[in-house]
Amino acid sequence: MIFSARTDVAYTMSFTPPLATLRRDGNSIVIIDQTGLPWRVVERRLGTLDDVLEAIVALRVRGAPLIGVAAAHGLALALERDASDAALEDAIARLLSTRPTAVNLRLALEAQRAVLAPLPPSERPAAAWREAERQRADDAQRCEAIGRAGLPWIEELACRLDRPVRVLTHCNAGWAATCGAGTALSPLYLAHAAGIALEVFVSETRPRNQGLITHWELTQAGVPATLIADNAAGLLIAQGDIDLVLVGADRIARNGDVANKIGTYLKALAAHAHGVPFLVAAPATTFDPTCPNGAAIPIEERAADEVLTVAGLPPGTDEPVPVRLTPLPARVRNPAFDLTPARWITAILTETGAWPAPLAAAKLFPEPDR
Ligand SMILES: CSC[C@H]1O[C@H](OP(=O)(O)O)[C@H](O)[C@@H]1O
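None of the values given here were measured: they were computed from a predicted structure.

1. Concerning the sheet that holds strand β14 (residues 337–340)
Reading across from one edge, β11-β8-β9-β14 is the order of the four strands in this open sheet, with mixed pairing throughout. Strands with a single pairing partner mark the edges of an open sheet, and in this sheet they are β11 (287–288) and β14. Note that strand β8 (residues 251–253) and β11 share two bridges and pair parallel. Residue I252 lies in a different strand from β11, and its bridge partner there is F287.

See below:
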């Protein structure tokens with residue numbers, strides 16, 4: 001077990017994302033519209049707060065760290081039109097209402113409010129853009145540090161194996177979900193750059209299939225990746241085909257319980273049952289020290305239609321289209337996240353190092369000396 005503040009290790013290799021997930025362009029922002037990935041890389045200009053609200057809800061921009069930074073930029077767009085106290089609070093409330101689980105969204109807006117509230121309205125738009133850009137650059141640095149915290153875990157496995165290290169990951173916690181190299185994928189990119197042989201198994205992640213984005217990311221970077229159906233993960237773990245499970249997070253409670261994409265819990269359960277290390281990678285902006293445990297984390301319930309359709313690229317077209325799988329049954333549930341208890345998590349990789357799950361929040365948010 002490698003618990004230490006290993007982010008101080010000066011690794012020579014690094015990973016630069018091939019595309020910018022979000023960038024400012026004058027008084028608008030440009031995102032990669034992730035509803036087109038992996039089939040099409042399409043940029044989308046967001047010029048108003050309403051554009052940003054729609055993009056976050058529709059998962060055009062997604063990933064816990066990235067939706068926080070997107071919300072911070074959305075606030076700047078709102079204040080360009082009206083920088084009054086009422087408009088500031090209204091925009092924050094509307095952005096908070098988009099997606100309830102990833103705490104990054106709330107923390108990003110709280111950081112903006114701390115900067116903006118003391119200022120006169122005339123100074124707020126420029127200050128909001130500065131804070132949004134600070135958050136974007138800050139996230140990239142956090143991703144890089146998480147990669148350094150996770151690399152020793154992969155190195156240690158590589159030293160013991162005479163074959164590629166087999167890592168299972170779920171959903172997308174790569175550069176597409178952040179402003180940098182990603183969280184769960186960041187150690188993998190560093191390991192690949194260091195010449196460590198990897199085989200990454202990627203679960204497709206129904207119903208929105210973010211696993212296809214991970215497979216696309218890894219393949220573009222030259223990292224060997226194998227797509228599997230979500231339901232196949234248990235068999236691979238049980239058969240000893242997986243050396244390490246490495247996933248992201250949307251909110252981590254003070255006791256180390258983790259909310260992440262739906263399906264994570266079942267992989268943690270299988271990993272725990274078969275003694276496979278289960279790592280969660282997340283920056284401090286994904287921790288909620290005010291949240292005592294997983295039961296207190298709100299789980300987003302999304303539209304039934306996401307379960308009843310699957311997006312794809314029919315032969316001869318270049319437009320991904322949704323295909324309805326069944327007529328609308330009477331009842332459908334579509335929780336977007338689930339909860340993994342801290343006791344099933346081997347370590348949480350953060351920008352300050354790798355920590356046992358119950359300790360991670362305390363390492364990032366130490367209680368003041370009483
Ligand atoms: C570094 S992304 C963390 C987290 O966010 C994703 O959720 P979504 O695609 O719904 O925005 C997924 O749960 C990732 O693990």
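2. Regarding the UniProt feature "binding site: substrate" (unreviewed entry) in the protein chain
The feature "binding site: substrate" (unreviewed entry), as annotated in UniProt, sits at R62, G63, A64, R99, Q210, N260 and K261 in this numbering. Within the element layout of this structure, R62 appears in the loop between α1 (49–57) and α2 (64–81). Leave out the neighbours within four places in its chain, and R62 touches Q34, I67, R99, C171, N172, A176, A177, Q210 and I213. A polar contact of 2.9 Å, which involves the side chain of R62, links it to the side chain of Q34. Tracing the chain through its elements places R99 in the loop between α3 (85–96) and α4 (103–116). Judged by its relative accessible area of 6%, R99 is buried.

3. Here we look at helix α9 (residues 264–273)
Within α9 the residues assigned to the buried category are T264, K267, A268, A270 and A271. The buried residues of α9 occupy an angular sector of 165 degrees when the element is viewed end-on, so they sit on one face. Looking at α9, the residues exposed on the side facing more than 90 degrees away from the buried face are L266 and A273. Following α9 by one or two positions, G275 has its phi on the positive side, about 65 degrees.

Criteria and thresholds
Residues numbered from 1 in each chain as written. Predicted model: local features only at pLDDT ≥ 70, side-chain atom pairs only at ≥ 80, totals over all residues. Heavy atoms only, no water. Pairing = 2+ DSSP bridges. Helix = DSSP H or I, 4+ residues; strand = E, 2+ residues; numbered from the N terminus. UniProt positions renumbered as here; feature names shortened; annotations may be inferred. Contact = heavy atoms within 4.5 Å. Polar contact = N/O pair within 3.5 Å; in protein donor to acceptor, adjacent residues only side chain to side chain. Buried < 20%, exposed > 50% of the residue type's maximum accessible area, 1.4 Å probe, protein only. Arc of directions from axis to C-beta.

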